[in-house]
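Survey of secondary and tertiary structure
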Amino acid sequence: MNATDLITATGRLLRDGKLRDAFAVAPAAVAGELGVREADQSMLLALAPADLEAQARVLLRKRFGLVRRLLPMTCARLGDQAWPAFFAWGREGWPEGEEAGYRDADEYAQRLAANRPEAICRPEWNRVRFALGSRRLALHWLRELPNSVHRRSRWGCQILVRGRVEGWHEFVVFLGL
Amino acid sequence: MKIGLGYRRELSAWIDSGPPGVSCLEITAEHFYESGEAGRERLGQLRGRFQLYVHGLGLSLGTPGPLDPERMEQFARVSAAADPAWISEHVAFTRTSEGDLGHLNPVPPTKESLAILAGHAREVSARCGKPLLLENITSHFRWEGKLTETSFLNELCARSGCGLLLDVTNLYINSRNHHFDALQWLHEIDPRHIVELHLVGYSQAGERYFDDHAQPVQGELLELAREVLAHAPVRAIILERDEDFPGPEAMAVEISKLTALGERN
């Protein structure tokens, strides 16, 4: 088996909260488990677990920043609880690929749906799910469509359409005046 | 000396108004990766009015193995459209062979890292046909290696032929979080390497300092920047505000702080 270089080993620690917890308790055992080259082990073992955790939190904050951009109203409704709600599960897994931010946002909304459903802004979540899928068209009847003209939520239909060539578009039809 | 700021969409109207004191802009390459023809046109407009520099966040120069060819191609395309005086990236890794970490992390100060970074830096510079500057980052953990950070950076610049983009805020934050003397660190850096400075306010939570790029530049940062300017022939200072953008008047105040630095030098 090839030995693991320091960059790869550090990356694993930064992406996996449970592994960091184990490193804080038994660093040598985790270094062995990671298969770090013997020549590099002393450098890895010299890392302070608290500092590693602080760095991981910075990376998690960046991930959360993307979620907040995709679910702004949902996060605004959660207020100070938005970040802890993300941190609670975000530190244990890491999404991959170009749509990682959308996957994080979807998972965040799914977990909220179980615990704080009233906080979810449905049009935002619909957008995220549509972006992750491959459907050409989605229609959602909603009573909380934000209306920037009337500055209050209105009944209406959210229409999401995927183009043949580039991206997807959103249209909103409000009911009544 | 050129004074300017990082170009951000939120600031574009203010930038288009031609704010006094702003003579250059730093373009974040990744912000233009998917912008197509409209992005190239925008870069063309900006290029006609300001000296541009192109700054990368995600080439991950410190990752072993080849550079990501798609990202390299996208970066080179933005560089070609902006025709900058120079390009820049970080002394960091943002991904491993196993996945993306989404942000900058410190590379271990080893001979192996030096070889990887220097090789990647030369490749990026050659691909874009532009001089490359390398930027020091903040990190909450610090590697203990045979090389100090300053000897690592000096050696990296010498080997790669790159200059240094000294982020004064990052230096200050690291010196507070890791309890070292920022001035001593500065004087260990070969002044000939330092070409550009980044400045933005820091934030603090408990005993830790953070670079959230959302605060006005504090006095102690200006003091440290003055020391850098006395030490090295800096050619540009960039305000790197990314969050909580203030209104035009407050932005003008931030720029005037940098202008005053340049005038005193």
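Residues numbered from 1 in each chain as written. Chains lettered and ligands numbered in written order. Predicted model: local features only at pLDDT ≥ 70, side-chain atom pairs only at ≥ 80, totals over all residues.

1. Focus: the interface of chain B and chain A
Stated formally: Each residue is represented by a C-beta atom placed from its backbone, and any two residues with such atoms within 7 Å are regarded as in contact. Counting from the N terminus, the helices are the DSSP runs of H or I reaching at least four residues and the strands are the DSSP runs of E reaching at least two. Three residue categories are used. Nonpolar comprises Ala, Val, Leu, Ile, Met, Phe, Trp, Tyr, Cys and Pro, charged comprises Asp, Glu, Lys and Arg, and polar comprises the others, including Gly.
On the chain A side, the residues contacting the 22 residues of chain B number 23 residues. If one sorts the elements of the side of chain B that touches chain A by residue count, strand 6 (residues 99-105) of chain B sits on top with five residues. Residues of the side of chain B that touches chain A, tallied by class, amount to seven nonpolar, eleven polar and four charged.

2. A few points about the domain arrangement of chain A
Residues and elements named next belong to chain A. Heads up, the rule is: Here the limits of each domain have been adopted from an automatic or database domain assignment.
Here chain A is partitioned into domain 1 (1-47), domain 2 (58-132) and domain 3 (134-177). If you average the C-alpha positions of domain 1 and of domain 2, the two centres end up 29 Å apart. Contacts between domain 1 and domain 2 engage four residues on the former and four residues on the latter. For the side of domain 1 that touches domain 2, the secondary-structure elements that each account for two or more residues are helix 1 (6-15) and helix 2 (17-25). Here the side of domain 1 that touches domain 2 is built from residues that sort into one nonpolar, one polar and two charged.

3. As for helix 1 of chain A
Applied cut-off: Exposure classes come from backbone-placed C-beta atoms, where a residue is buried if 20 or more other C-beta atoms lie within 10 Å of its own, exposed if 12 or fewer do, and partly exposed in between.
With ten of ten residues buried, helix 1 of chain A lies mostly within the body of the structure. Every buried residue of helix 1 of chain A is accounted for by L6, I7, T8, A9, T10, G11, R12, L13, L14 and R15 of chain A. Tucked into the core, helix 1 of chain A has its buried residues touching helix 2, helix 3 (27-34), helix 4 (38-45) and helix 5 (49-70) of chain A together with strand 5 (93-96) and strand 6 of chain B.

4. A few points about the nonpolar core
Inclusion rule: In these notes, a nonpolar core means any group of buried Ala, Val, Leu, Ile, Met, Phe, Trp, Tyr and Cys residues linked to one another through C-beta atoms within 7 Å.
Of all hydrophobic cores here, the largest spans 107 residues; its most connected members are I27, L134, L164, V168 and L199 of chain B. In terms of residue count, helix 5 of chain A provides more of this core than any other element does, eight residues in total. Counting contributing residues, this core receives three or more from each of domain 1 (1-47) and domain 2 (58-132) of chain A.

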